[in-house]
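# Structural overview for review
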Amino acid sequence: ETLRIAFQKMMKDEKASVKGLLIQLRNWNGEKLSAEEQQDMFDGLKKVNDLHSLAVFQHFFGQDEAGASYTAALQALEKESRRAPGRYALCLSDYGRWLASVGQPRKACAQYEQARDVISNENAAPLFHVTSWCLDADSRRKLGEWSKAEKSLKTAQDLVKKHLEDRKSTRLNSSH
């Protein structure tokens, strides 16, 4: 459901061909897509040069090409990272997830750290930071770095508490 909502928001800003592709995805019932259907999806994303979405879908469908697509997407997004830091940070984080899924947790941790650096203001994107710290903790656990994993989880918990306290105080101040 979260993925569907994210795609709905993205559809408002993307080109019509990507919009059509995402509408098809929204209507997808989880049935296995044929290799031809997957390739059609990949070709559509290449056509409009949406390399990040291409990488995410390749990752989702277990395609080995996802790593190369993430690298290409990051190179393209890095050029515009000052104008769109959120897109760049999200791609870094997604690449980290892919690295973790292919048994490279140390490299994944580096991607999560870089992503958090791109969006350094934790108040601007608390959910992003919480997720990033949790993913970092999981990768640290896989590396056997238990104290670092615990520290990452503690940081995530602290961010959640701070965000909830900030929201509560904002509500109280606005009701007076």
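Residues numbered from 1 in each chain as written. Predicted model: local features only at pLDDT ≥ 70, side-chain atom pairs only at ≥ 80, totals over all residues. Heavy atoms only, no water.

Before going further, it helps to examine the overall build of the chain. The helix and strand inventory of the chain stands at nine helices and zero strands. When the elements of the chain are put in sequence order from the N terminus, they spell out α-α-α-α-α-α-α-α-α. Buried residues in the chain amount to 36% of all 176 residues. Pairs at least 24 apart in sequence give 43% of the contacts found in the chain among residues at least 6 apart. If you sum the accessible surface of the chain, you get close to 11,200 Å²; carbon and sulfur atoms cover 52% of it. (Helix = DSSP H or I, 4+ residues; strand = E, 2+ residues; numbered from the N terminus. Buried < 20%, exposed > 50% of the residue type's maximum accessible area, 1.4 Å probe, protein only. Contact = heavy atoms within 4.5 Å. Areas by Shrake-Rupley, 256 points an atom, 1.4 Å probe, with all protein chains shown as cover.)

Our focus in this paragraph is the pattern of salt bridges. Enumeration over the complete set of coordinates arrives at eight salt bridges. With a closest N to O distance of 3.4 Å, D136 and R140 form a salt bridge. Residue D136 and its partner R140 are both found in helix α8 (residues 126-143); the two are separated by four residues, about one turn of the helix. This pair shows no difference in class: D136 is buried, exactly as R140 is. D158 serves as the salt-bridge partner of K154, at 2.8 Å between the closest nitrogen and oxygen. Taken as a pair, K154 and D158 lie in helix α9 (residues 146-175) at a separation of four residues, close to a single helical turn. (Salt bridge = Lys/Arg side-chain N within 4 Å of Asp/Glu carboxyl O.)

A few words now on the environment of G62. For G62, the location among the structural elements is in the loop between α4 (51-60) and α5 (66-79). With 39 residues separating them along the chain, G62 and S101 place their C-alpha atoms 9.8 Å apart.

This part covers the nonpolar core. Y70, L74, C91, Y95, W98 and F128 are the most contacted members of the largest nonpolar core, which has 20 residues in total. When residues of this core are traced back to their parent elements, those giving at least two are α5, α6 (85-101) and α7 (105-118). With eight residues, α6 is the single largest residue contributor to this core. Setting aside its immediate chain neighbours within four residues, L74 contacts Y88, C91, L92, Y95 and Q111. M41, L54, F57 and F61 belong to the second largest nonpolar core, which has five residues in total. (Core = buried A, V, L, I, M, F, W, Y, C linked by side-chain atoms within 4.5 Å.)

Our focus in this paragraph is the packing of α4 against α6. Where α4 contacts α6, the two axes come as close as 11 Å, and the packing angle between them is 25°. With respect to α6, the axis of α4 lies roughly parallel. Of the two elements, α4 crosses α6, and the hand of that crossing is left-handed. Note on element contacts: α6 touches α4 through L90, C91, D94, R97, W98 and S101, opposite H52, V56 and H59. (Axes fitted to C-alpha atoms, helices over the stretch in contact; angles between N-to-C directions. Parallel < 35°, antiparallel > 145°, perpendicular 65-115°, else oblique. Left-handed = near helix turned anticlockwise from the far one by under 90°.)

Attention now moves to α5. Counting along an α-helix, one turn takes 3.6 residues, and residues three or four places apart therefore face a common direction. For α5, with 14 residues, the first-to-last C-alpha span of 20 Å sits near the 20 Å given by 1.5 Å per residue. Every buried residue of α5 is listed here: A66, G67, S69, Y70, A73, L74 and L77. Here the buried residues of α5 occupy an arc of 155° about the axis, which is enough to place them on one side. Among the exposed residues of α5, those oriented more than 90 degrees off its buried face are A68, Q75 and K79. (Expected span 1.5 Å × (residues − 1). Arc of directions from axis to C-beta.)

So, about the side chain of E145. Here E145 lies in the loop between α8 and α9. With residues up to four places along the chain from it excluded, the contact list for E145 reads R106 and R140.

Once that is clear, we can look at the confidence of the model for the chain. Predicted confidence across the chain gives a mean pLDDT of 81, with 77% of residues reaching 70 or more. For the chain, the element scoring lowest by mean pLDDT is helix α1 (residues 2-11), at 50; α7 scores highest, at 95. (pLDDT = per-residue confidence, 0-100.)

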